[in-house]
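Reading the structure
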Amino acid sequence: MSRETAYRRAVSQTVVPSELGRIFADPSFYADPVGWHQSAAHLRRESPIAKVTLPGYEDFWAVTRHADIMEIERNPEIFTNAPYPTIGPIASRPSEAEGGSPVNTLIQMDGQEHKDHRNIVNEWFKPASIKRMNDRVGELATQFVDRMAAMGGECDFATDIAMHYPLQVILSILGLPEEDHLKMLKLTQELFGAEDPDIGRAGEDGNVLQVLLDFVGYFTTLAADRRSHPTEDLASVIANAVIDGDPIADMDVMGFYLIVATAGHDTTSNSIAGGLLALIENPDQLQLLQSDPALIDRAADELIRYVSPVKHFLRHCQAPYTVRDVTFQPGDVALLSFASANRDEDVFEDPFRLDVRRANASSHLAFGFGRHFCLGAHLARLEIRAFFGELLGRLEHIELAGPPTFVQSNLVSGPKTMPVRYRLR
Ligand code: HEM
């Protein structure tokens, strides 16, 4: 069945929630954000916690309402992140017999282990520390808007600008040499966009394991270097971290590098590209922001809400627990659809409208909630404010120079290509 047919059949009178549930697992649905949101809105109304059964996937419950996601995140002992945090075909998941996932990251951890590991880096990402990076982030924002200006009035905003700026920020914090930045960009895109035929290594082996192993290879060398020659950078903090007097395991060091280097930029670049796209499509909102630049503080959260680049994470039920009309049983998998929650009519008035003055924009769940709340949220906001502050102050005109395309991924998605024409001061 073609995607269009599946969608039309799914939203027709005879709704089969499990069929509509494909939008959460099948990466191709995320490349059509409008269709995706129509289906999600339908589920929010008709079946807010929908049982989804798909061939090749474990059954899961798609949780689409804001309040239900918060309730699940408020109960991390009952709904754990382990054993695996994202949805994917059973066949592509590393089997326990083969040693499970080759790296262990914060997003896979629970309880005390999660707390101890998060404490290692928490200080680095608190608002006070992030404030110290104001100047550096501002410099990088200016550099990238200058780059746009130097491109002579036309560029692919997604691939030429948005993908590179947050990467520079996060890799500078980690302390990676500039000559490695492009390599990291490519590896990250391969990992998060692994299902997208234009990005992933599907042609080679169709498996994210190889990409993970490449990451591990790179960071093993980095960790060894920072142990023998510690510096002030975040990579040194991680490489030399101690829990209860013992150095953390090599695998945990890798996990840290992996999550910081990867979660730190794709997410933000998708927010910036998707945010600019939303402003181009809503010129009154663009004008409002340009006439009152102080609005960007609140508008940053509205852009993040609107784009919701991180589509979901999973939770695994450990004890019977009832949410709304569903009693989860041990072993049940809940898919928290942040993208759906951020258009929840019960929380956001006229949720499909971009409103840069929206009073409760920061109530969005794009950064999740609770113990696993995004570590990099303050940094991401800073980057987004700095970039739009610089761009909108210099922008005389902007329009699309062709239709944008979107990344096929059920984890992190936003504009893949976005040709624009513009005049900058
Ligand atoms: C707009 C940009 C970003 C979005 C939308 C985003 C979104 C998210 C989401 C939804 C989660 C899971 C929260 C949950 O399960 O409740 C998360 C976790 C995380 N994010 Fe972000 N993120 C962004 C930027 C960043 C940046 C810049 C970093 C920098 C290091 C980062 C690092 C992390 C880490 C380490 C975690 C795991 C935290 C934990 O499990 O304790 N993120 N993020």
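Now for a description of the structure that goes with this document.

Criteria and thresholds
Residues numbered from 1 in each chain as written. Predicted model: local features only at pLDDT ≥ 70, side-chain atom pairs only at ≥ 80, totals over all residues. Helix = DSSP H or I, 4+ residues; strand = E, 2+ residues; numbered from the N terminus. Rg over C-alpha atoms; globule rule 2.2 N^0.38 Å. Buried ≥ 20, exposed ≤ 12 C-beta atoms within 10 Å, placed from the backbone. Contact = placed C-beta atoms within 7 Å. Core = buried A, V, L, I, M, F, W, Y, C linked by C-beta atoms within 7 Å. Pairing = 2+ DSSP bridges. Near = placed C-beta within 6 Å. Nonpolar A, V, L, I, M, F, W, Y, C, P; charged D, E, K, R; others polar. Axes fitted to C-alpha atoms, helices over the stretch in contact; angles between N-to-C directions. Expected span 1.5 Å × (residues − 1). Arc of directions from axis to C-beta.

Looking only at helices and strands, one finds 19 helices and 14 strands in the protein chain. For 425 residues, the compact-globule estimate of 2.2 N^0.38 gives 22 Å, and the C-alpha radius of gyration of the protein chain, at 21 Å, lies within 12% of that figure. Here the C-alpha coordinates of the protein chain stretch approximately 55 × 55 × 40 Å along the principal axes. For the protein chain, the residues scored as buried account for 45% of the 425 residues in total. A fraction of 73% describes how many contacts in the protein chain between residues 6 or more apart in sequence connect residues 24 or more apart.

Now for unusual backbone geometry. Along the chain, Ala82 connects to Pro83 via a cis peptide bond; the corresponding omega equals 5°. Structurally, Pro83 is set in the loop between strand E3 (79-80) and helix H6 (111-125). Notably, Asp244 is not glycine yet its phi reads approximately 50°, a positive angle. Mapping Asp244 onto the fold places it in the loop between strand E5 (242-243) and strand E6 (246-247). Asp244 gets classed as exposed once you count the C-beta atoms within 10 Å, which come to 5. Despite not being glycine, Ser308 shows a phi value in the positive range, around 40°.

We now examine the nonpolar core. Ranked by size, the top nonpolar core spans 112 residues in total, and within it Tyr257, Ala334 and Leu335 carry the most contacts. Sequence-distant contacts of Tyr257, defined by excluding residues within four places in its chain, comprise Phe219, Leu222 and Ile238.

As a further point, take the sheet that holds E3. Strand order across the open sheet formed by five strands is E1-E2-E10-E7-E3, with mixed pairing between neighbours. Single-partner strands in this sheet number two, and they are strand E1 (49-52) and E3. Bridge count for strand E7 (residues 312-317) against strand E10 (residues 333-337) is five bridges, and the pairing is antiparallel. If you follow Leu314 over to E10, its bridge partner there is Leu335.

Every one of the 29 residues lining the ligand counts as a neighbour, but Gly264, Thr267, Gly368, Cys374 and Gly376 are closest to it. Of all elements in the fold, only helix H14 (250-263), helix H15 (266-281) and helix H19 (377-394) reach the threshold of two or more residues within the shell around the ligand. A per-class count over the shell around the ligand returns 19 nonpolar, eight polar and two charged.

What follows covers the sheet that holds strand E14 (residues 419-424). A sheet is described by the order of its strands in space; here three strands give the open sequence E4-E14-E11, paired in antiparallel fashion. Looking at the sheet topology across the chains shown, the edges are occupied by strand E4 (154-156) and strand E11 (395-400). Across the sheet, the mean angle from the axis of one strand to that of its neighbour is 30°, orientation sign disregarded. Here E11 runs beside E14; their pairing, made up of five bridges, is antiparallel. Across the sheet, the residue bridging to Glu399 is Arg421, located in E14.

Quick look at helix H8 (residues 134-150) now. Along an α-helix, a turn takes 3.6 residues, which lines up residues three or four apart on a common side. Between its terminal C-alpha atoms H8 stretches 24 Å, which fits the 24 Å expected from 17 residues at 1.5 Å a residue. For H8, the complete set of buried residues consists of Val137, Leu140, Ala141, Phe144, Val145 and Met148. Take H8 and look down its axis: the buried residues cluster within an arc of 135°, on one side only. Seen from the open side of H8, the exposed residues pointing more than 90 degrees away from its buried face are Asp135, Glu139 and Ala150. Turning to H8, the residues buried within the fold contact E4, helix H9 (157-162), helix H10 (165-174), H19 and E14. Directly beyond the C-terminal end of H8, a positive phi value near 80° is found at Gly152.

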